[in-house]
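Coordinates in review
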Amino acid sequence: MIQIIPIFSLYVHVPFCAAKCGYCAFYSIPLQNSSALAESYLAALRREAKILRAAWGGKIPVRTIYIGGGTPTVLSPLLWRALIKTITDFFDLSNLEEATVEANPCSLSEPHLALWRGSFVTRVSIGVQSLDDDELRWLGRLHNAKTALRSIEKTMSYGFAVSADLIFALPRQTLRAWRDTCAQILSSGVEHVSAYQLTIEPDTPLGGLSGDERGGAPDGYSFYRFAQWYMNRKGLAQYEISSFAKPGLECAHNLAYWRQENVLALGPSAWGYINRSADGFRYRNAKTLEEYITLTELGIPIVDAEILSGQKRDEESAILALRTKWGVDFKNFEKKFEKKFEKEDGFAARLENVLKNIPSHLVRFESDHAGNIERARLTPSGMRVGNAIWSEIVGE
Ligand code: SF4
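Computed from a predicted model, the values in this text were never measured in an experiment.

Our focus in this paragraph is the packing of helix H6 (residues 175-187) against helix H8 (residues 220-233). Where H6 meets H8, the closest approach of the two axes is 10 Å, and the angle between their N-to-C directions is 30°. The angle between H6 and H8 falls in the class roughly parallel. Seen along the crossing, H6 lies across H8 with a hand that is right-handed. Contacts between H6 and H8 involve Leu-175, Trp-178, Arg-179, Cys-182, Ala-183 and Leu-186 from the former and Ser-222, Phe-223, Phe-226, Ala-227, Tyr-230 and Met-231 from the latter. Among the residues making up the contact of H6 with H8, the classes are represented as 10 nonpolar, 1 polar and 1 charged.

Okay, here's the thing in structure tokens:
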């Protein structure tokens, strides 16, 4: 009998930033040259990895790695050595397909790039956000357009696949300024772009200001529509609501989330997800670094968990799949959950009905010869109104 060994994706959260951006609600704290704090974090990370390896009974096989934050590049190359060693000591990388590191244009250095080149890292995601200096200042970013473009060029010269994060619909941002940012970023040669509408979380400095004090916000719809049209036209196909890539250069790690695959979490406030035969198990590690360090001295640092059973897992799986250009593959759905995706199944019937009732320019179906639906996917217009479609699927 062939034994199928599950393979994991690994997310590592680095909880430090050089300074806090006014709109950001991710967990991160200023590092301020405190290598003692970073060393405590790395020691805790090693403890957590060791616990995971013991629970698995050997090095854990991983297919993709994503080291995000926070700002991983605020760790010095020396500290990075320890981080890389923890991963190689406790995880089996023999089937690794992709390893991404998030980088900030200000703290990314040549020693970082040289070190990564000699390690398992294959891809660098740079937090560019905008190539307009006024917009970058408003966002509270420490870099300017020139620094961002230089960091992309340098990273490419080391042979990494490069992705850039962009934010649109900033206060007073014009479509023309957004077009200039898109044009410049594509001229830089990046293979992948993630474009997000600005979201100001309530518990942030900018979240405390009124809309007028922030300078209002343009309607994001036309900015998003422009990005969809422009990126595709320039060879970066949209493969997910916020993601555009040259063919074959989609982010394998993010695809693991959208395909609801197993993702292990390492580090404070990191989320993980494990498929079990009857349900899904989502968990989150201790939220703060202090709590994380303490809990890893005692055992597993998980503080929140949710079991996604039956319908909830199905709904989530369908929504995640519909975020991507591949949409819901009804046959895979059956295989994945080891159940027939039949009409009499409550969720399957409802999903089919919901999708059929959506205007046809928003969703496309593929059927077999007998007329059974095999796949449903959102069109570019459908991706623009994804949130409304998700609400229909969960019956809100
Ligand atoms: S650099 Fe990124 S993670 Fe850090 S505060 Fe700014 S947006 Fe948040």
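There is more to say after this.
A cis geometry characterises the amide bond from Gly-69 onward to Gly-70, with omega recorded as 25°. Of note, Gly-70 is situated in the loop between strand S4 (60-69) and helix H2 (77-90). At Gln-129, a residue that is not glycine, the phi angle is positive and equals roughly 70°. Non-glycine residue Ala-169 carries a positive phi angle of around 65°.

Let us now look at the pattern of salt bridges. When charged atoms on two side chains of opposite charge get close, those side chains can pair. If you walk through the whole model with that rule in mind, you get 18 salt bridges. In this structure, Lys-356 engages Glu-352 in a salt bridge whose closest nitrogen and oxygen atoms are separated by 3.1 Å. Here Lys-356 and its partner Glu-352 are both found in helix H13 (residues 346-356), 4 residues apart, which amounts to about one turn of the helix. A residue is classified by how much of its surface remains accessible, and Lys-356, at 48% relative accessible area, is partly exposed.

Here we take up the domain arrangement of the protein chain. Each domain of the protein chain was delimited in the assignment, giving domain 1 (8-258) and domain 2 (314-393). Placing the centre of domain 1 and that of domain 2 at their C-alpha centroids yields a distance of 30 Å. Each partner contributes to the interface: domain 1 provides 13 residues, whereas domain 2 provides 10 residues. Together domain 1 and domain 2 conceal approximately 1100 Å² of surface at their shared face, both sides included; 60% is due to carbon and sulfur atoms. Here domain 1 and domain 2 share 1 salt bridge between them. Here domain 1 and domain 2 share 6 residue pairs in polar contact (both at pLDDT 80 or more) between them. When contributions to the side of domain 1 that touches domain 2 are tallied by element, the ones reaching two or more residues are H8, strand S10 (237-240) and helix H9 (252-258). Here the side of domain 1 that touches domain 2 gets 4 residues from one element, more than from any other, and that element is H8.

Relative to the assigned elements, Leu-149 resides in helix H5 (residues 145-157). Along the chain, Leu-149 and Ile-185 lie 36 residues apart, while their C-alpha atoms are 7.9 Å from each other. Discounting chain neighbours no more than four positions away, the residues touching Leu-149 are Leu-131, Gln-184 and Ser-188.

Now for the site of the ligand. Neighbouring residues of the ligand: Cys-17, Ala-19, Lys-20, Cys-21, Tyr-23, Cys-24, Gly-70, Thr-71 and Arg-141. By residue class, the composition of the shell around the ligand is 5 nonpolar, 2 polar and 2 charged.

Looking at the element boundaries, Gln-129 is found in strand S7 (residues 123-129). Judged by its relative accessible area of 8%, Gln-129 is buried. Among all residues touching Gln-129, those that are not within four sequence positions of it are Tyr-23, Leu-136, Leu-139, Arg-141, Asp-165, Leu-166 and Ile-167.

Each value, and the rule that gives it
Along each chain, numbering runs from 1 in the same order as the chain's sequence is written. Confidence filtering applies because this is a predicted model: local features only for residues at pLDDT of at least 70, side-chain atom pairs given and counted only at 80 or more, and all residues used for totals across whole chains, interfaces and linings. As a convention, hydrogens and water are excluded, and side-chain values are obtained from all of the structure's heavy atoms. Where helices are involved, their axes are fitted lines through C-alpha atoms of the stretch in contact, as for all axes, and angles between N-to-C directions lie from 0 to 180°. Starting at the N terminus, helices and strands are each numbered in turn, a helix being any DSSP run of H or I of at least four residues and a strand any DSSP run of E of at least two. If an angle is under 35 degrees, it is roughly parallel; if it is over 145, roughly antiparallel; if it lies from 65 to 115, roughly perpendicular; otherwise it is oblique. What makes a crossing left-handed is the near helix being turned counterclockwise from the far one by less than a right angle; a clockwise turn instead makes it right-handed. Contact between two residues is taken to exist if any of their heavy atoms lie within 4.5 Å; hydrogens are not considered. Residues were grouped as follows: Ala, Val, Leu, Ile, Met, Phe, Trp, Tyr, Cys and Pro as nonpolar; Asp, Glu, Lys and Arg as charged; and all remaining residues, including Gly, as polar. A carboxyl oxygen of Asp or Glu within 4 Å of a side-chain nitrogen of Lys or Arg is what we treat as a salt bridge. Three exposure classes are used, based on accessible area relative to the maximum for each residue type with a 1.4 Å probe and protein chains only: buried under 20%, partly exposed in between, and exposed over 50%. Domain segmentation is taken from an automatic or database assignment of domains. Reported buried area values correspond to the accessible surface (1.4 Å probe) lost by two parts on association, with both partners' losses combined. N or O atoms closer than or at 3.5 Å make up a polar contact, with two conditions inside protein: a donor-capable atom paired with an acceptor-capable one, and, for residues adjacent in sequence, both atoms drawn from side chains. Throughout, near means a residue has at least one heavy atom within 4 Å of the molecule or strand.

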